[in-house]
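Spelled out from the first residue to the last, the chains are:
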Amino acid sequence: MSTYRLQLNKDFTFDDAAGIAGYLRELGISHVYCSPYLQAAPGSAHGYDVVSHQQVNEELGGAKAHARFSVRLRELGMGQVLDVVPNHMSLGKENRYWWDVLENGQSSRYASFFDIDWQPQEERLRDKVLMPILADQYGRVLKAGGIKVLRVGHKLHVETAGNSLPVAPQSLPVILSRAAEYARSNTLNFLAASFGRLPAPGYEERRTVLARHRDKVVLYTLLERLFAEETGVCEAIDRSLAELNGNLDALDDFLNQQNYRLSYWKTAGQQLAYRRFFDVNTLVGLRVEREHVFEESHALVLEWLRGGVLDGVRVDHPDGLRDPLEYLKRLRDHAPEAWIVGEKILEPGEFLRESWPIQGTTGYDFMNMAAGVLVWPQGMSELSSVYQTFLGTDYAAGFDDFHAIAHNKKIDVMQERLGSDVNQVTSMFVEICEASRDRRDYTRTDIRRAIREVAACFPVYRTYVAPSRNEITEEDRAYIGQATECAKQNRQDIDSDLFEFLRDVLTMTVTGKRESEFLLRFQQFTGPVMAKGVEDTAFYCYNRLSAMNEVGGDPGRNGVSVAEFHEYCAKVQATHPLTMTALATHDTKRSGDVRARLLVLSEMAGRFGSAINRWSRINSGFLRSRPGGGAMPDRNTEYLYYQTLIGAWPLPVERAQSYMLKAVREARQQTSWTANNREFEEALESFIAKTLDHAPFVRELEQFVERVKDAGRVNSLAQTLMKHTAPGVPDLYQGTEVWDLSLVDPDNRRPVDYERRRRLFEEMKNMMGDDAATRVMERADDGMPKMWTIYHALQLRREHPEWFGADAQYTPLEVAGARRDHVIAYLRGDAVATIVPRLTSRLMRAWRDTVVALPEGRWTNRLTGDRIAGGRVTMKTLLKEFPVALLVKETVDV
């Protein structure tokens, strides 16, 4: 019926979650929806960096605390949903699978678990895992003594850059043999030779790999015993290690015998041979399409689903998987009754595939539709002029077309952060061309450029062509055709036949083993291009109205009409009626309430433009001169800054600085995460500190916020009520049951003050009565109207889940009159009516003759207690006491 997202970490554990479960139950929540809680890397703030699928995160309290939490939920009659991470794992010695791979290479029992290219184009990297962890060039670090081989008990480790790495067994003879001479130990000599004789099978030779592992364990057991039985062995090995660490050539040779190659961290962008989560080097891709990997990585979660501990799961980043449909079918087969939603990012006009055996998405599509229907299209056009004017004629030329910016940023990210991924798919396509006499003369350079261009032109995250099933939809065929035609137009310097050949391979017109592998890899590649190029870069560059810069959104659009919103809801009800609906997540760029306030700017573009131009003059003395001309911060950054203050005010200096620093680094225009422009960043931080200490500016800012605050709150209540009554299962992000003015993570992962929310809830419950709505509105600054709306909507869903379920109808209500475009009204079944206003700043509460046509009968407004006769009801009547209306037909037994 509903979910409440909790972000668990060492400061908010299972016991803390159990402590607020009663409050959530009273609020009306049916299911607690937890962030990943399998064992994550030490200190993880989010849980997506899983290191073990076999245990519960000890920092959250471990298995015992998890059991207490689960028992508490059952006592309250509540269920539980868990966020699961099938696409990747975190690196590090805590990940025993990864440690085993680094120690044993392709002979590891777990080499088949990870998505590693053991035969990359560069010969020097073959049969090795690149480890880009050094702070400088390898040779410089080695010379400076930054890499050492140390003994830890009876095992040897390579220590460097704060990392501990295992030593390959086949490299041990050089150390153990010398130590055997010093200790005069025949046993140690025997062990040295035996380690050197271990075979090196590929991971496909499962039986030999297991035999090798058995022998290796025996040898290490004997070595450990030798340490205890023969005096002088430890000292001899330490002496041998000291000699090795003191001889650069010998140490270099030893390191070259490992199954990994230590390198400068900057090499990752172009040379990494394992698939990552986007561009995060420390998160390695899992081969979950292999059944044994699926079984081992999902065993605990499936046990919880079968045992009733979990009622559902949220699948993180399914687009990263080799075959999402195959994975989801396997998951569904194991959990036929589970509620499953996938974090599938849908672009405008795209819908979740009906063939996917899941209930829906995690709600970004609803979020963007809700924002889109609350903006004024004409005002969005006016904001374009405001934005361009503020930037100035010379500067604005590169910021007038969001889609052009997004395309360019995709190209940039492929050249830099995703360079290694481009190299991999390029090498694969080079082989395909080499096997075709008609295409063998295409150069690697042209192929690389063509692949980048096609990926940059993709209008969606990815396609789902499945060579193993000879499966391609017309939808995917159209996306591929659109991308290749776009690429041909953009790169007319490249032979159009190359693009057409790419299209034919991607659509399975041309088939073969190499072609199928390339197709599958390419589909895994376009998602990271979209995510890093658009969401994490372009969204911080194009700032016309930052509220529209949300995951899966199109900031270049001027919103959606009420009719389009109704069409979307009807489609969802028909195809995925139990999808998740959300307004904020741990990944949103802004909270729902920040967006709601900023949406008001589309209704007052002229006033906003005048204000920011005046503020810029007031604050001009706080800018710093840029070497070569210009000022710091630049105009685009300053424009975003003013919007951020409006949306999130009151905003302390430290939070403003932290957010803006993240924003400019993500934008990669003046500075970046990997190449900090400290002069610019210091100028920005100084500008923020001085402007927020400048009384004339702060006074004007607060006056402006007062003008938009109430309309922003009405927007928030409107989208909140729609989220709870539109098709789907509403999700409430932690703490957002009252006004929440958080920005992007980590800002939105700050501790939640649940004591304050509990007190407010108790006060609110005591307000029930004829004048309750009026008294609630008097507590608007505390966020009580939002909690009131959520509480009554959730109670109604609890009382009558059938009115909001898979069989419930979604029917737009007729609205007539002069202000009809300011109303969103619809029925669920024939019993519940949702009526919310839009564009209220322009409305000025003058509803005039606007009416909503309610079905005949008597209706009760659950938010005010008012009783209303069906027929043509005026908006003035419906919203006289509260900004939104939730009506229930009295003829229905409630």
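Residues numbered from 1 in each chain as written. Predicted model: local features only at pLDDT ≥ 70, side-chain atom pairs only at ≥ 80, totals over all residues. Heavy atoms only, no water.

Novice: How do you make sense of the sheet that holds strand 10 (residues 163-166) when you look at a structure like this?
Specialist: Strand pairing in a sheet relies on backbone hydrogen bonds, with the paired strands running either antiparallel or parallel. Reading across from one edge, 8-9-10 is the order of the three strands in this open sheet, with antiparallel pairing throughout. Of all the strands in the sheet, just strand 8 (147-152) and strand 10 have a single pairing partner and so form its edges. With direction set aside, neighbouring strand axes in the sheet form an average angle of 35 degrees. Relative to strand 9 (residues 155-160), strand 8 runs antiparallel, the two sharing six bridges. Each bridged residue has a counterpart across the sheet, and for Val149 the counterpart in strand 9 is Val158. (Pairing = 2+ DSSP bridges. Helix = DSSP H or I, 4+ residues; strand = E, 2+ residues; numbered from the N terminus. Axes fitted to C-alpha atoms, helices over the stretch in contact; angles between N-to-C directions.)

Novice: How do you make sense of the packing of helix 3 (residues 96-104) against helix 7 (residues 206-229) when you look at a structure like this?
Specialist: To characterise two packed helices, one gives the angle between the axes of the helices and the distance between these axes. For the pair helix 3 and helix 7, the least separation of the axes is 13 Å and the interaxial angle reads 85 degrees. By the angle class used here, helix 3 and helix 7 are roughly perpendicular. Together, Asp100, Glu103 and Asn104 of helix 3 and Arg212, Lys216 and Tyr220 of helix 7 make up the contact between the two elements. Residues belonging to the contact of helix 3 with helix 7 are distributed by class as follows: one nonpolar, one polar and four charged. (Parallel < 35°, antiparallel > 145°, perpendicular 65-115°, else oblique. Contact = heavy atoms within 4.5 Å. Nonpolar A, V, L, I, M, F, W, Y, C, P; charged D, E, K, R; others polar.)

Novice: Can you walk me through the nonpolar core in this structure?
Specialist: Across soluble globular proteins, nonpolar side chains show a tendency to be buried alongside one another. One finds Trp304, Leu545 and Phe565 to be the most contacted residues of the largest nonpolar core, which totals 179 residues. With eleven residues, the top contributor of residues to this core is helix 28 (residues 695-725). The residues touching Leu545, leaving out its near neighbours within four places in the chain, are Val375, Met380, Leu383, Leu598, Leu599, Leu601, Ser602 and Gln643. One finds Leu134, Val158, Leu219 and Ala236 within the second-largest nonpolar core, a separate group that totals 56 residues. (Core = buried A, V, L, I, M, F, W, Y, C linked by side-chain atoms within 4.5 Å. Buried < 20%, exposed > 50% of the residue type's maximum accessible area, 1.4 Å probe, protein only.)

Novice: Help me understand a nonpolar patch on the surface, please; the structure alone is not making it clear to me.
Specialist: Side chains of Phe190, Val218 and Leu222 sit close together on the surface and give an oily, nonpolar patch of about 250 Å² of accessible area. Along the chain, Phe190 falls in helix 6 (residues 186-196). For Phe190, a relative accessible area of 47% translates into the label partly exposed. (Patch = residues over 30% accessible without salt bridge, like charges linked within 9 Å, V, L, I, M, F, W, Y side chains within 5 Å. Areas by Shrake-Rupley, 256 points an atom, 1.4 Å probe, with all protein chains shown as cover. Salt bridge = Lys/Arg side-chain N within 4 Å of Asp/Glu carboxyl O.)

Novice: When you look at the state of the cysteines in this model, what are you seeing that I'm missing?
Specialist: If you walk through the whole model with that rule in mind, you get one disulfide. One disulfide bridge connects Cys457 with Cys486, the sulfur atoms lying 2.3 Å from each other. The sign of the -60 degrees torsion about the S-S bond sets the Cys457-Cys486 disulfide as left-handed. Pair noted here: Cys457 is in helix 18 (residues 444-457) and Cys486 is in helix 19 (residues 474-490), with a separation of 29 residues, a long-range link. Cys541 takes part in no disulfide bond, and the closest cysteine sulfur, belonging to Cys457, lies 18 Å away. With relative accessibility at 0%, the residue Cys541 sits in the buried group. (Disulfide = S-S within 2.5 Å.)

Novice: In this structure, what is going on with the pattern of salt bridges? I would like to understand it.
Specialist: Two side chains bearing opposite charge may form a pair once their charged atoms approach each other closely. A complete count under the given rule lists 63 salt bridges for this structure. For the salt bridge of Arg635 with Glu638, the shortest nitrogen-to-oxygen distance reads 3.8 Å. Separated by three residues within a single helix, Arg635 and Glu638 lie in helix 25 (residues 635-648), roughly one turn from each other. Under the relative-accessibility criterion, Arg635 is labelled partly exposed at 28%.

Novice: Would you take a moment to explain helix 3 for this structure?
Specialist: Structural remark: α-helix, 3.6 residues per turn; residues separated by three or four positions point the same way. Within helix 3, eight of the nine residues are buried, leaving the element largely enclosed by the surrounding structure. Among the residues of helix 3, those classed as buried are Tyr97, Trp98, Trp99, Asp100, Val101, Leu102, Glu103 and Asn104. The distance from a side-chain oxygen at the start of helix 3 to the backbone nitrogen of Tyr97 is 3.1 Å, and the residue carrying that oxygen is Asn95. (Polar contact = N/O pair within 3.5 Å; in protein donor to acceptor, adjacent residues only side chain to side chain.)

Novice: Sorry if this is basic, but what is going on with the sheet that holds strand 6 (residues 88-90) here?
Specialist: Strand order across the open sheet formed by three strands is 6-13-12, with antiparallel pairing between neighbours. Lying at the two open borders of the sheet, with one neighbouring strand each, are strand 6 and strand 12 (276-277). Of the strand pairs in this sheet, strand 12 and strand 13 (residues 280-285) are connected by two bridges, and their pairing is antiparallel. Looking at strand 13, one finds that Arg276 is bridged to Val284.

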